[in-house]
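If you want the building blocks of each chain, they are given just below.
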Amino acid sequence: MQISKLTPSKRARDRWMLQLEDGSFLQVGKNQMADFALYAGRELSEAELEALRRAERQDRFQSYAIRALMDTPMSRRKLVEHLRRKECPEAEAQAIAQRMAELGILNEAWYAAEVARQYAARGYGPRRVQDEPYRRGVPREYWGEALQAVEDWQEGLNAILRKKLGGTLPDPKALKRVSDALARRGYAWRDINVALRRYGAEIEEE
């Protein structure tokens, strides 16, 4: 199969539009240009054409993975799911995810810790914070490290109490509602009680 035309892409940097004599197109990158010595008029055997298509597909999926991770860090499982939705074969998606991890672009330990810090800063407690890495597909082995990345759980809890109580001790029913809300946000009752003692009150777990 002969390459009838090869021109730089107008939409993507360092990519070229390759037109074959049968009228089909491939968008190739600089790696394929060098590896396959591509130029207009070059004859490609069936084996070369199949290898080129395979390399082009892998390069396209890998470029997508890099862009996706740069825009929104995620777990390996989520990246594979994104690639599969783009019709990337399972084995190829797993290989690309492994490559991203080797390059350091995909770092599940860092990602889990960052998620934990963000949710703790928003006032969520340890139990709820641990749910987030799980929900996002981060392996269990990184959960403990993620929780350790949060330096001060009491600060988030105290900030919520200051906002809701305004420095004063409300009636028992209102105090119970605040305590229940904190429990739903993932704080343990013992931590809630420690914070409430500063307001001269203590709520016992039912």
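Since the model is a prediction, treat every value here as computed from it, not as a measurement. (Residues numbered from 1 in each chain as written. Predicted model: local features only at pLDDT ≥ 70, side-chain atom pairs only at ≥ 80, totals over all residues. Heavy atoms only, no water.)

Caption draft 1: Structural detail: unusual backbone geometry. Notably, Glu87 is not glycine yet its phi reads approximately 70°, a positive angle. As for its position among the elements, Glu87 is in the loop between α3 (76-85) and α4 (90-103). (Helix = DSSP H or I, 4+ residues; strand = E, 2+ residues; numbered from the N terminus.)

Caption draft 2: Structural detail: the side chain of Ser9. Counting through the fold element by element, Ser9 comes out in the loop between β1 (3-8) and β2 (15-20). A relative accessible area of 16% means that Ser9 is categorised as buried. Ser9 has contacts with Arg15, Trp16, Met17 and Gln27, leaving out every residue within four places of it along the chain. (Buried < 20%, exposed > 50% of the residue type's maximum accessible area, 1.4 Å probe, protein only. Contact = heavy atoms within 4.5 Å.)

Caption draft 3: Inspection of the nonpolar core at higher detail. Core analysis: the biggest nonpolar cluster contains 15 residues, and Ala65, Leu69, Leu79, Leu83, Cys88, Ile96 and Met100 have the highest contact counts within it. For this core, the secondary structure elements donating two or more residues are α2 (46-71), α3 and α4. Top contributing element to this core by residue count: α2, with 5 residues. If we skip the residues at most four places from it in the chain, Leu69 touches Met74, Leu79, Met100, Ile105 and Leu106. (Core = buried A, V, L, I, M, F, W, Y, C linked by side-chain atoms within 4.5 Å.)

Caption draft 4: Representation of the sheet that holds β2. Sheet architecture is open: 3 strands sit in the order β1-β2-β3, paired in antiparallel fashion. Both outer strands of the open sheet, β1 and β3 (25-29), are each paired with one neighbouring strand and no more. On average, each strand axis in the sheet is tilted by 25° relative to the strand beside it, whichever way the strands run. α2 rests against β2 and β3 of the sheet, and its axis sits at about 60° to β3. (Pairing = 2+ DSSP bridges. Axes fitted to C-alpha atoms, helices over the stretch in contact; angles between N-to-C directions.)

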